[in-house]
Amino acid sequence: MKRLPLNALRTFEAVASRLSFAQAAQALNVSPAAVSSQIRALEDHLQQPLFLRHGRRIELSEAGRILLPGVQRGLAEMRQALRSLEMERAGGALNVSMIPAFLQKWLMPRLNSFYRAKHDIDLRINADDQPVKFEDSDFHAAIPFGPDDWPGLKSVKLLDDWILPVCSKKFLKKNGPFRSVEDLQEHDLLFVEHEAWDAWFRELGESGRSSRWPLLNDSLSILMAAEQGQGIGLSLWSLAARDIRAGRLVRPIDTAVRSDWSYHFVAPEQSYDVPKVVSFREWLQQECERFEAPTDG
């Protein structure tokens, strides 16, 4: 072909995926007449029909069925290439998603050092518990908490974590001292029912699961409830460490259990080595290396 009719092929994909000229016109924000004109031009170019018309109903011809998969792959690859080019820019926003608790309790207190060191990077953070669908978004990277299994993405482990109980000083003074995990089970154990806590109950017994508080469903609320003396919260060290060091929370016992899960830095291959992504990832790795594990854990 001397000239590839890209606009007509894009129109063909829109009609073929919907089997409707009207819906394709709406999706492309053009008139149905313009869609029909593009399809006729493509059929003339190929010298064979791409659709079989049955009144208002249409279906793909044999030629249309052969053409459609290749056009869809080509358009998808072009969209991905354009997205990669946009992400390659050294300037512009760096879009990263992470779970809200990690952002508020671990990363937020450290961000000033990043801004001082990397003042040329416009870091934009989205706090969300849901996994990122990179193919449908403009995110460059994400920081999830989970097992070491991120299919289709490049990843590096950032931080291991530990599970430990915490409470307020007032609660400990009123109800303590506690000498063992069994002592804790005489009081409300506040935690969100989630597989992230499996390591704790696997090592220290399942009986504590029955004492969870059903009123709260996120880690930040659990920490706040523990700080306010509502009970003993089961938390991650990464989330509670700063409050413990500041005296807002205390550890009623020294026991800490290493979690099965870790924090990871994940990104699609096309954005993993973009300079601004590399800068943020390397800074994060340095900060994580400085973060000390809990004592006696």
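Residues numbered from 1 in each chain as written. Predicted model: local features only at pLDDT ≥ 70, side-chain atom pairs only at ≥ 80, totals over all residues. Heavy atoms only, no water.

Visitor: Hey, could you run me through the side chain of T11 in this one?
Guide: In this fold, T11 is placed in helix α1 (residues 6-18). If near-sequence neighbours (up to four positions away) are discounted, T11 is found in contact with L28, V35, Q38 and I39. (Helix = DSSP H or I, 4+ residues; strand = E, 2+ residues; numbered from the N terminus. Contact = heavy atoms within 4.5 Å.)

Visitor: What's the story with the pairing of strand β9 (residues 232-236) in this structure? I'm lost.
Guide: For a regular strand, side chains alternate in direction, first toward one face of the sheet and then toward the other. Of all five residues in β9, five are buried; the element is thus mostly enclosed. Across two bridges, the pairing between strand β8 (residues 189-190) and β9 is parallel. Looking across to β9, one finds that L190 is bridged to G233. (Buried < 20%, exposed > 50% of the residue type's maximum accessible area, 1.4 Å probe, protein only. Pairing = 2+ DSSP bridges.)

Visitor: Just to check I follow, could you spell out the pattern of salt bridges for this structure?
Guide: A side chain of one charge can pair with a side chain of the opposite charge when the charged atoms of the two come close. Scanning the entire structure with this criterion turns up twelve salt bridges. Note that K105 is salt-bridged to D243, the shortest N-O span being 2.9 Å. Separated by 138 residues along the polypeptide, K105 in helix α5 (residues 100-107) and D243 in helix α11 (residues 237-246) bring together distant segments of the chain. Linked through salt bridges whose partners overlap, the residues forming this network are K105, D243 and R248. (Salt bridge = Lys/Arg side-chain N within 4 Å of Asp/Glu carboxyl O.)

Visitor: Explanation requested: the side chain of S235 in the structure shown.
Guide: Inspection of the secondary structure assignment puts S235 in strand β9. Every residue in contact with S235, bar those within four places of it in the chain, is listed here: W162, I163, L164, V166, W197, L223 and A240.

Visitor: What should I look at first to understand helix α3 (residues 32-46) in this one?
Guide: Working note: α-helix, 3.6 residues per turn, so residues spaced by three or four point in the same direction. A rise of 1.5 Å per residue sets the reference length of α3, with its 15 residues, at 21 Å; its end C-alpha atoms lie 21 Å apart and thus fit the reference within 8%. Within α3, burial applies to V35, I39, L42 and E43. Taken end-on, α3 shows its buried residues confined to a sector of 100 degrees, consistent with a single buried face. Residues of α3 that are exposed and point over 90 degrees away from its buried face: A33 and D44. Its buried side turned inward, α3 meets α1, α2 (21-28) and β1 (51-54). (Expected span 1.5 Å × (residues − 1). Arc of directions from axis to C-beta.)

Visitor: I would appreciate a short explanation of the environment of W261 in the present structure.
Guide: Structurally, W261 can be placed in strand β10 (residues 257-267). Sequence-wise, W261 and W162 are 99 residues apart; in three dimensions their C-alpha atoms are separated by 9.0 Å. Beyond its immediate chain neighbours, meaning those up to four positions away, W261 contacts F145, G146, P147, D161, H194, E195 and A196.

Visitor: Just to check I follow, could you spell out the packing of aromatic side chains for this structure?
Guide: Inspection of the entire model under this criterion finds 14 aromatic pairs. With 5.6 Å between their ring centres and 55 degrees between their planes, F12 and F51 make a pair best called tilted. Taken together, the residues span a long stretch of sequence, with F12 in helix α1 and F51 in strand β1 at a distance of 39 residues. Relative accessible area serves as the criterion here: at 0%, F12 is assigned to the buried category. Between the aromatic rings of F280 and W283, the centroid separation amounts to 6.1 Å while the plane-to-plane angle is 15 degrees, which identifies the pairing as stacked. Of the two residues, F280 and W283 are both situated in helix α13 (residues 275-290); the distance of three residues between them amounts to about one turn of the helix. On the basis of relative accessible area, W283 is assigned to the buried category, the value being 6%. Site record: aromatic cluster; members linked through ring pairs are F102, W106, F145, W237, W261, Y263 and F291. (Phe/Tyr/Trp six-rings, centres within 6.5 Å; stacked < 30°, edge-to-face > 60°.)

Functional significance is not addressed by these values, which are geometric in nature.
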